[in-house]
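In case you want the letters, here they are:
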Amino acid sequence: MATISTPLSHNTLALRQLLTKRHGCPLHQLPLPIRISCSSAASKCVSKESSSPFKELRTVACGLLAVYAFATASPVIAANQRLPPLSTEANRCERAFVGNTIGQANGVYDKPLDLRFCDYTNDKSNLKGKSLAAALMSGAKFDGADMSEAVMSKAYAVGASFKGTNFSNAVLDRVNFQKANLQGAVFKNTVLSGSTFDNAQLEDAVFEDTIIGYIDLQKLCTNTTISAEGRVDLGCR
């Protein structure tokens, strides 16, 4: 049973104003902090108060908590999260040449695109422009491959190898590149917003005209393997 319990410190003022307006309850009569517990199993909140104003407070509070929990969910698979078993499909590696087209931007698919431990070294035609949203790529090799204009939203590429891979004009948002080898990879005019590069190897990677958010850029710039030229292209300080 999932349970969310948190002080409503950030939304207390709005809630108190709502109760004052509807029930004539003075602001000073609502104690702070207000603690509400919301249970998804019971679909209700629990509080020591049972009056009508507090019943409404519980309803509003649970709604706010539900939205907060959904909005702050991580868009990228965590490195320590349990992954599904390796696919036993005989042609699972070839599925990359077709890709997936269901819910590209959000990584939604009808079945997992499992490319783990597949070898696409120097593939110059089969991966270009393909949609590999939410693909499982850990342990796979894409060295020297042409992946320009590919869509890899929410892909899990922990420990994968992309040495010299061409990602020009590709959409690589919210990709987990933790511990990936990206030496000499080309990110020319590539979307990298929301992607993580913890402990990734980025020596000689090209970041010309890369599209990335400010916060993501600050995180990327902490990677000490990025060359001096790459840091200039990114605008690292």
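Remember, it's a predicted structure, so these values are computed and weren't measured experimentally. (Residues numbered from 1 in each chain as written. Predicted model: local features only at pLDDT ≥ 70, side-chain atom pairs only at ≥ 80, totals over all residues. Heavy atoms only, no water.)

Colleague: Is there a simple way to think about the overall build of the protein in this case?
Modeller: Secondary structure summary: the protein contains 4 helices and 3 strands in total. Sequence-ordered secondary structure for the protein, helices as α and strands as β, is β-α-β-β-α-α-α. The 237 residues of the protein split such that 41% are buried. Sequence-distant contacts in the protein: of pairs separated by 6 or more residues, those separated by 24 or more amount to 29%. When the accessible surface of the protein is split by element, carbon and sulfur atoms take 53% of a total near 12,900 Å². (Helix = DSSP H or I, 4+ residues; strand = E, 2+ residues; numbered from the N terminus. Buried < 20%, exposed > 50% of the residue type's maximum accessible area, 1.4 Å probe, protein only. Contact = heavy atoms within 4.5 Å. Areas by Shrake-Rupley, 256 points an atom, 1.4 Å probe, with all protein chains shown as cover.)

Colleague: For this particular structure, what's the right way to read the state of the cysteines?
Modeller: A covalent bond bridging the sulfur atoms of two cysteines is what the word disulfide describes. Per the counting criterion, the structure on display carries 2 disulfides. Residue pairing for Cys-221: its cysteine sulfur links by disulfide to Cys-236, the two sulfurs lying 1.9 Å apart. Taking the sign of the torsion about the S-S bond as the criterion, the disulfide between Cys-221 and Cys-236, at about -80°, is left-handed. You can see Cys-221 sitting in the loop between helix H3 (214-220) and helix H4 (228-234) and its partner Cys-236 sitting in the segment after H4, a full 15 residues away along the chain. Residue Cys-221 shares its accessibility class with Cys-236, and that shared class is buried. (Disulfide = S-S within 2.5 Å.)

Colleague: Help me out: how do you make sense of the packing of aromatic side chains in this one?
Modeller: How two aromatic rings sit relative to each other is set out by the distance from centre to centre and by the angle between their planes. Following the criterion strictly, the structure yields 10 aromatic pairs and no others. Ring centres of Phe-142 and Phe-162 lie 4.9 Å apart, and the angle between their planes is 5°; this geometry places the pair in the stacked category. Note that Phe-142 is positioned in the loop between helix H2 (52-71) and H3 and Phe-162 in the loop between H2 and H3, a separation of 20 residues in sequence. Taken as a pair, Phe-142 and Phe-162 share a single burial class, namely buried. For the pair Phe-162 and Phe-167, a centre-to-centre distance of 5.5 Å together with 50° between the ring planes defines the contact as tilted. Each member of the pair Phe-162 and Phe-167 is classed as buried. An aromatic cluster is built from Phe-97, Tyr-120, Phe-142, Phe-162, Phe-167, Phe-177, Phe-187, Phe-197 and Phe-207, whose rings are joined through pairwise contacts. (Phe/Tyr/Trp six-rings, centres within 6.5 Å; stacked < 30°, edge-to-face > 60°.)

Colleague: What is the right way to read a negative patch on the surface from this model?
Modeller: A grouping of Asp-204, Glu-208, Asp-209, Glu-229 and Asp-233 is seen on the molecular surface, where their side chains present a negatively charged patch. Mapping Glu-229 onto the fold places it in helix H4. (Patch = residues over 30% accessible without salt bridge, like charges linked within 9 Å, V, L, I, M, F, W, Y side chains within 5 Å. Salt bridge = Lys/Arg side-chain N within 4 Å of Asp/Glu carboxyl O. Lys, Arg positive; Asp, Glu negative; His and termini not counted. Charge placed at Lys NZ, Arg CZ, Asp CG, Glu CD.)

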